[in-house]
Amino acid sequence: MHRLRASAKLVVLALIGSSFAFANGPADARSEGVLTAPAAYQATSPPKHATRIGYGGAVTSVDPDATRIGLRVLRQGGNATDAAIATAAALGVTEPYSSGLGGGGYFVHYDAKTGKVQTIDGRETAPRAMPRDAFIDPKTGKPYPFTPDLVTSGVSVGVPGTPATWQRALDRWGTRSLKASLAPATRLARHGFVVDKTFHGQTVDNKERFKAFTSTRRLFWKGGHAPRVGSTFRNPDLADTYDLLARHGLGPFYRGALGNQIVHAVRRPPTTRTTKLPVPPGFMRAGDLARYRAINRRPTSVGYRGYRVLGMPPSSSGGSTVGEALNILERYDLAGMDDAAALHHYLEASALAFADRAEYVGDPAYVDVPLADLLSPGFARERACRIHENHALKKPTRPGNVATYDGRCGPARGVSEPAPDTENINTTNLTVADRWGNVVEYTLTIEQTGGSGIVVPGRGFLLNNELTDFSTEFVKGDPNRIQPGKRPRSSMSPTIVLRNGKPFLALGSPGGSTIITTVLQILFDRIDRGMSIQQAIAAPRASQRNTPTSLAEPAFVAAYGPALAAYGQDLAVSGDTYTGATEIGAATAIEFGPARLMTAVAEPTRRGGGAAGVVRPRGAG
Ligand code: GLU
């Protein structure tokens, strides 16, 4: 989370007065407008912009160092994939609690030459030896308490997919080697970045978990305290790990010494003697790493008011859930409605799509996901029958029946209540476009803020706790129950929207299962409610995921609460249990205008604001 990053970095700049940017060298620092003077050996942060409009390529992410690195790759002639991997590797340095080598994610690519959108599923997998009752405490016979016990564990660590995703993306669409793509992030890790209040705060929030492991304490709790705001945080171990992959490729990670260390950390977590956390060990073996593959998948695809919306298919539920909700919404003249009526429909469509997500979506290698049905207009027509134009459905509402739908209104299938939503809310997202018209939308994560809490000793990165995205208890027929080798269902929704076959918009967000509603709401605000992409990203958010109340940001409640109450829509102000943050999501997007004009947008305020950049700003020389 980056709530306070902007102000923190301004303070640091003011304090330092003059400095130079080691990450990219003095020439870069000049070109980015940072004062240059070889003063103290101290990292500085580049300036941040929520919106940049221009030509020749664009990058937007939550972090200014990462965005700057991506832009530099584009300026040096790299393409969108090259820049995306360099940006992602940089996020592994500056956002180590959200993403990195120890996690997974989903990569969506538009190829300007072929006009095709293709995806890579880099989701983590369950170890082959993982039993179905892995989340049950043998001492009590009940599921481990979710936080902090289950999340701070070896048992929650999935086989990482991020390194394989990077290599696969570069092999398919890149022009640079993994070595070249990792180089700027390696320098950033070695020379350091400026600690802001967010990084400091996230470390403090994780104090108990991070102090539970010798390796994590050494890296993130050095000297008995969290890294101080304004100090330079260096991660030479991560720089060495990136160097290792640069020299030897992925061998050491998936089939070598580094992989063995990962396995060891999972099976025998390096706990400190003082920790009171139980830290259940995991089941990963070297063979699980050797067997891991990132998977090429065809995107989900729905038409929406003349646009084509392409998203991530299962193992993510992002594409199917966003797509089904759009199909339902397309049945209504939302533009002709007032705000409350349109929002009522948005919330209802989302609840219905979430009911179907819980019933039908899981890893397609294990579950026969009826994707074509979920995305068919006939199914949407029948699901839309449940929406009443002026009063809200009782939630949770039941899923539709993909076996018997006929597009007509009829009784819904009776099933049990959906499993509780335990997905966490920390992840990162980036959007990149290049001068040739290629586009990348990439969401990556280690799940919880700080993942499992386990740093692989001496390697500088955290392992994920992605397997907590499985249902906690074993329920027969649940598409998201634990199974050996399976990918837990994700909500990540990297999305590319085409108009007449050409990119119109690319967008994505972190936020656990609110990712789906954030992407849906931005599309709805942009396409149906006449907002610009900047307005749609800034607009207050609400998230209805088939629960009795919809989570909503305070500004949303203030603006629409009373009017939506008249529909029986119950809003609850969003709030993170640990940090108290009320924000939903942290989106990035690029919109494409005529003559290859690009509007790159990041959050203006959520998480302290993100960093958008373009290669050649409009109006500049
Ligand atoms: N684990 C979540 C998912 O795969 C992402 C977590 C987040 O966005 O914070 O959907």
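Residues numbered from 1 in each chain as written. Predicted model: local features only at pLDDT ≥ 70, side-chain atom pairs only at ≥ 80, totals over all residues. Heavy atoms only, no water.

Asker: How should the state of the cysteines be read in this particular structure?
Answerer: Should the sulfur atoms of two cysteines be covalently bonded, the bond is a disulfide. The final tally for this structure, using the stated rule, is one disulfide. Across a sulfur-sulfur distance of 2.0 Å, C385 and C409 are joined as a disulfide pair. Taking the torsion about the S-S bond as the criterion, the C385 to C409 disulfide, at about -85 degrees, is left-handed. Residue C385 is located in the loop between α18 (377–384) and β9 (428–434), and its partner C409 is located in the loop between α18 and β9; the two are separated by 24 residues in the primary sequence. (Disulfide = S-S within 2.5 Å. Helix = DSSP H or I, 4+ residues; strand = E, 2+ residues; numbered from the N terminus.)

Asker: Teacher, can you tell me more about the pairing of strand β2 (residues 104–110) here?
Answerer: Two faces, one strand: in a regular strand the side chains alternate between the faces of the sheet. Summarising burial for β2: seven of the seven residues are buried, a large majority. With seven bridges connecting them, β2 and strand β10 (residues 439–445) associate as antiparallel partners. Note that in β10 the partner of Y110 across the bridge is V439. Where β2 hands over to strand β3 (residues 117–122), the hairpin turn is made up of six residues, of which G115 adopts a positive phi near 75 degrees. (Buried < 20%, exposed > 50% of the residue type's maximum accessible area, 1.4 Å probe, protein only. Pairing = 2+ DSSP bridges.)

Asker: Would you mind showing me how to read the packing of helix α15 (residues 318–329) against helix α19 (residues 514–527) here?
Answerer: Helix-helix packing: each pair is described by the crossing angle between the helix axes and the interaxial distance. It is at 10 Å that the axes of α15 and α19 come closest, and there the two elements cross at 40 degrees. Read as a crossing pair, α15 and α19 show a hand that is right-handed. Note on element contacts: α19 touches α15 through I516, V519, L520 and L523, opposite G318, T321, V322, A325, L326 and L329. (Axes fitted to C-alpha atoms, helices over the stretch in contact; angles between N-to-C directions. Left-handed = near helix turned anticlockwise from the far one by under 90°. Contact = heavy atoms within 4.5 Å.)

Asker: So what exactly am I meant to see when it comes to the site of the ligand here?
Answerer: Near the ligand there are 17 residues, and of these N426, T427, E447, E466 and D469 occur at the shortest range. Between the ligand and E466, the relevant distance is 2.6 Å, taken from a nitrogen atom to a side-chain nitrogen or oxygen of the residue. In this structure, D469 approaches the ligand through a side-chain N or O atom, which is 2.6 Å from a nitrogen atom. When isolated, the ligand has an accessible area of 300 Å², and the protein chains bury 100% of it. In terms of residue class, the shell around the ligand is made up of four nonpolar, eight polar and five charged. (Near = heavy atom within 4 Å. Polar contact = N/O pair within 3.5 Å; in protein donor to acceptor, adjacent residues only side chain to side chain. Areas by Shrake-Rupley, 256 points an atom, 1.4 Å probe, with all protein chains shown as cover. Nonpolar A, V, L, I, M, F, W, Y, C, P; charged D, E, K, R; others polar.)

Asker: What is the right way to read the pattern of salt bridges from this model?
Answerer: When the charged atoms of two side chains lie near each other, side chains of opposite charge can form a pair. Enumeration according to the criterion identifies 19 salt bridges in this entry. A salt bridge links D339 to R529; the nearest nitrogen and oxygen atoms lie 3.0 Å apart. One end of the pair, D339, is in helix α16 (residues 339–360); the other, R529, is in the loop between α19 and α20 (533–538), and 190 residues separate them in sequence. Looking at R529, the relative accessible area reads 18%, which means it is buried. Taking the shortest distance from any N to any O, the salt bridge between R606 and E553 comes out at 2.6 Å. Taken together, the positions of R606 in the loop between β17 (598–602) and β18 (611–617) and E553 in the loop between β14 (550–552) and α21 (554–565) put the pair 53 residues apart, joining distant regions of the chain. Exposure remark for R606: the relative accessible area of 5% places this residue in the buried category. In the salt-bridge network here, residues are joined through shared partners; they are R541, E553, E603 and R606. (Salt bridge = Lys/Arg side-chain N within 4 Å of Asp/Glu carboxyl O.)

Asker: Please explain helix α4 (residues 80–94) as it appears in this structure.
Answerer: Note: α-helices contain 3.6 residues per turn, so residues at a spacing of three or four share the same orientation. Taking 1.5 Å of rise per residue, the 15 residues of α4 would be expected to cover 21 Å, and the 21 Å separating its terminal C-alpha atoms lies within 8% of that figure. Along α4, 15 of the 15 residues are buried, which leaves the element largely enclosed by surrounding structure. The opening residue of α4 is N79, an N-cap whose side-chain oxygen sits 3.1 Å from the backbone nitrogen of T81. (Expected span 1.5 Å × (residues − 1).)

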